[in-house]
Amino acid sequence: MRWLLLLLCTLPLAGFGQQKPFDCNTSPAHRQFDFWLGDWEVRDGEGNLGGHNRISAEQNGCVLEEQWRSLRGGTGQSLNYYDPGSGKWRQLWLDAGASIINISGGLSDGSMVLEGSIYYLAADTKKPFRGTWTLLEDGRVRQFFQEQDAEGLWQTWFEGFYSRSDGTVE
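Presented here is a report on the structure given in the accompanying data block. (Residues numbered from 1 in each chain as written. Predicted model: local features only at pLDDT ≥ 70, side-chain atom pairs only at ≥ 80, totals over all residues. Heavy atoms only, no water.)

Note: disulfide means a covalent bond formed between the sulfur atoms of two cysteine side chains. Inspection of the entire model under this criterion finds one disulfide. Put simply, Cys24 and Cys62 are joined by a disulfide, and their sulfur atoms are 1.9 Å apart. Given an S-S torsion of about 85°, the disulfide between Cys24 and Cys62 has right-handed geometry. You can see Cys24 sitting in the loop between helix 1 (2-14) and strand 1 (38-43) and its partner Cys62 sitting in the loop between strand 2 (49-58) and strand 3 (63-70), a full 38 residues away along the chain. Cys24 sits in the buried class, given a relative accessible area of 2%. (Disulfide = S-S within 2.5 Å. Helix = DSSP H or I, 4+ residues; strand = E, 2+ residues; numbered from the N terminus. Buried < 20%, exposed > 50% of the residue type's maximum accessible area, 1.4 Å probe, protein only.)

Positive phi values are uncommon outside glycine, yet Gln59 reaches one of about 50°. Locating Gln59 in the fold gives a position in the loop between strand 2 and strand 3. Judged by its relative accessible area of 60%, Gln59 is exposed. Look at Asp124: it is not a glycine, yet its phi comes out positive at around 55°. Residue position: Asp124 is located in the loop between strand 7 (111-120) and strand 8 (125-135).

Take a look at the structure:
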């Protein structure tokens, strides 16, 4: 009898905090960055392989998760999501102890453009930062990152060209 009383008392709590899930897979705003989904080889402008990147849709399509691995052993991860409250995409990137990137923005002339800051842990410094992802006609994606120097000039931080791969790491 006690177990029945306990069950009756806890049933109302079973649904507490639960909301009907939203299917981001059917939301056009949540699909704006889908051109970046997939397994990629990342090369510099000279064609040299720098690493591999996997971008996957997670959490019912509401989050794009990035997993980066450089040929030199460096790793990094980002979470990317569309924030309906601000109408902007947000990215939070963290790597193995060197930097934190926190940027937001949206589509501009066919490219995803996100702006914000980069924080360098070791130097305890923060700088303005921006990234642009562009789907190229040949199916590659160009990723172009810049940071602002002390004089206020934008300097190239990283430029990579993503080509689809089969997901294996060389």
